Amino acid sequence: MKTYQAELVLDARAKLGEGPSWDAQSGKLLWVDIEGFMLHQYDPITGNDDVLDVGEHIGAVVPYIPGEVIAALESGLYRIELASGTKTLIHDPEEGRPGNRFNDGKCDPNGRLLAGTMSLHGEDKQGAFYSMDQQGNVRLLLDEVSTSNGLAWSSDGRTLYYIDTPTLTITAFDYDLDSGDIADGRAVVQLDDSEGFPDGMTIDAEGMLWVARWGGNRVTRINPSNGEIIGEVNVPASCVTSCVFGGPELDTLYITTARGDGNPDEPHAGSLFQVKPDVRGTATIPYNQVQQASWSDQ
């Protein structure tokens, strides 16, 4: 098993750093502080990290068009103008679930946004997993989810890998790129909580999964075809939350962390880290919205 050492990039001290995505248009890393209500834009060229207070829990952010992003907030799925901070609601699929918030989310190869929710109070099976298509229509994919978390697609887009954290399982679904339907869910990786709970996830150009391990000081590289752990990134923070490949060559793995209840005294808990493994990643897919007059000028 190959091991790597993550290096500190930004001593951000985020309460709950999460949801990183690489915006190839701007050359910046988008990431969030869920509990701090912050949307971050980190520029690796200048080292600047611009921060936008969105006023509520923000679980995930994905690129959209220049100057705008799509974000999964506690109160729904929004379009956000980065310069002004203006938020425009697209849809709130959980209007009747005030005890929930959105967590992780990513776009499929066709530009749909998939994002899931979880209880704000640690209740089991109160969350769900949704898909928002290119017209802004949202539909339910999975119900009775506890902590909807990491997701990634195979290179052909026909397999979706998905994590519901407390299950310690990476589940694979058959994925229909034309319809966005999922089918035939099956466990492909079963993990041990002694090395941390599975959190956010990305996939590299060789089809291997990179899984952040909450409470485990690591990101593990896993072969989804047999469940074998084939690599490991040591991270100097215990609560490792997510990761994504970025940079012009997609050769840098950026890693987010949190200041969890059990690690408030760790010097770099909640910081952003990076490592350059000997493999490239896959590109972050922007949201491919067909502009709708109903929310374009609000």
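Above: the structure in question.
Treat the numbers as computed from the prediction; the structure is a model and nothing was measured.

## Digging into the overall build of the protein
So, step 1. Within the protein one finds one helix and 25 strands.
So, step 2. The C-alpha radius of gyration of the protein comes to 17 Å, within 12% of the 19 Å expected for a compact globule of 298 residues.
So, step 3. For the C-alpha atoms alone, the extent of the protein along its principal axes is close to 50 × 45 × 40 Å.
So, step 4. Each of the 298 residues in the protein was classed as buried or not, and the buried ones make up 58%.

## Details of the pairing of strand S20 (residues 209-214)
So, step 1. In terms of burial, S20 is largely enclosed, as five of its six residues are buried.
So, step 2. Here five bridges tie strand S19 (residues 197-203) to S20, and the two strands are oriented antiparallel to one another. Each residue of the ladder has a partner; that of Phe 197, found in S20, is Trp 214.
So, step 3. Hairpin connection between S19 and S20: a loop of five residues separates the two successive antiparallel strands, and Gly 207 in this loop has a positive phi of roughly 85 degrees.
So, step 4. Pairing of S20 with strand S21 (residues 218-223), which is carried by five bridges, proceeds in the antiparallel orientation. Bridged to Trp 210 within S21 is Arg 221.
So, step 5. Count of turn residues in the S20/S21 antiparallel hairpin: three residues, of which Gly 215 carries a positive phi of about 85 degrees.

## A short note on the environment of Ile 285
So, step 1. Checked against the element boundaries, Ile 285 lands in the loop between strand S25 (272-275) and helix H1 (293-296).
So, step 2. On the accessibility criterion, Ile 285 (28% relative accessible area) is partly exposed.
So, step 3. Separated by 59 residues in the primary sequence, Ile 285 and Asn 226 have C-alpha atoms spaced 27 Å apart.
So, step 4. With near-sequence residues (within four places) excluded, Ile 285 lies in contact with Cys 107, Asp 108, Pro 109 and Gly 111.

## Let's talk about the sheet that holds strand S12 (residues 113-119)
Working definition: the strands of a sheet are paired by backbone hydrogen bonds and lie parallel or antiparallel to each other.
So, step 1. With antiparallel pairing, four strands are arranged side by side in an open sheet as S11-S12-S13-S14. Looking at which strands have only one partner, the edges of the open sheet turn out to be strand S11 (100-107) and strand S14 (138-145). For this sheet, the mean angle separating the axes of adjacent strands, direction not counted, is 20 degrees.
So, step 2. Bridge count between S12 and strand S13 (residues 127-132): four bridges; the pairing is antiparallel. Counted as the bridge partner of Gly 116 is Phe 129 from S13.

## Considering the environment of Tyr 42
So, step 1. By the element assignment, Tyr 42 lies in strand S5 (residues 38-42).
So, step 2. When its relative accessible area of 7% is taken as the criterion, Tyr 42 is described as buried.
So, step 3. Residues Tyr 42 and Lys 28, 14 residues apart in the sequence, show an inter-C-alpha distance of 5.5 Å.
So, step 4. With residues up to four places along the chain from it excluded, the contact list for Tyr 42 reads Val 9, Leu 10, Lys 28, Leu 29, Trp 31, Gly 47, Asn 48, Asp 49, Tyr 254 and Leu 272.

## Notes on unusual backbone geometry
So, step 1. One non-glycine residue with positive phi stands out, namely Glu 144, at about 55 degrees.
So, step 2. Tracing the backbone shows Glu 144 in strand S14.
So, step 3. Positive phi, close to 55 degrees, is recorded for Asn 217, a residue that is not glycine.
So, step 4. Relative accessible area serves as the criterion here: at 32%, Asn 217 is assigned to the partly exposed category.

## Points about the pairing of strand S3 (residues 17-23)
So, step 1. Counting buried positions along S3 gives seven out of seven residues, so the element sits mostly inside the fold.
So, step 2. The pairing of S3 with strand S4 (residues 28-33) spans five bridges and is antiparallel. In the sheet register, Glu 18 faces S4, and the bridge partner there is Val 32.
So, step 3. If you look at the hairpin formed by S3 and S4, you'll find four residues sitting between the two strands, and Gly 27 has a positive phi there, around 70 degrees.

## As for the nonpolar core
So, step 1. Core analysis: the largest hydrophobic core is formed by 17 residues, its most contacted members being Leu 39, Val 54, Ile 58, Val 61, Val 69, Leu 73 and Ile 80.
So, step 2. Looking at this core, the element that brings in the most residues is strand S8 (residues 68-73), giving three residues.
So, step 3. Once you skip the residues sitting within four places of it in the chain, Ile 58 turns out to touch Val 32, Asp 33, Ile 34, Phe 37, Met 38, Leu 39, Ala 71, Ala 72 and Leu 73.
So, step 4. Residues Trp 210, Cys 243, Leu 253 and Val 279 belong to the second largest nonpolar core, which totals 16 residues.

What counts and how
Residues numbered from 1 in each chain as written. Predicted model: local features only at pLDDT ≥ 70, side-chain atom pairs only at ≥ 80, totals over all residues. Heavy atoms only, no water. Helix = DSSP H or I, 4+ residues; strand = E, 2+ residues; numbered from the N terminus. Rg over C-alpha atoms; globule rule 2.2 N^0.38 Å. Buried < 20%, exposed > 50% of the residue type's maximum accessible area, 1.4 Å probe, protein only. Pairing = 2+ DSSP bridges. Contact = heavy atoms within 4.5 Å. Axes fitted to C-alpha atoms, helices over the stretch in contact; angles between N-to-C directions. Core = buried A, V, L, I, M, F, W, Y, C linked by side-chain atoms within 4.5 Å.

In short, shape yes, function no, at least from these values alone.
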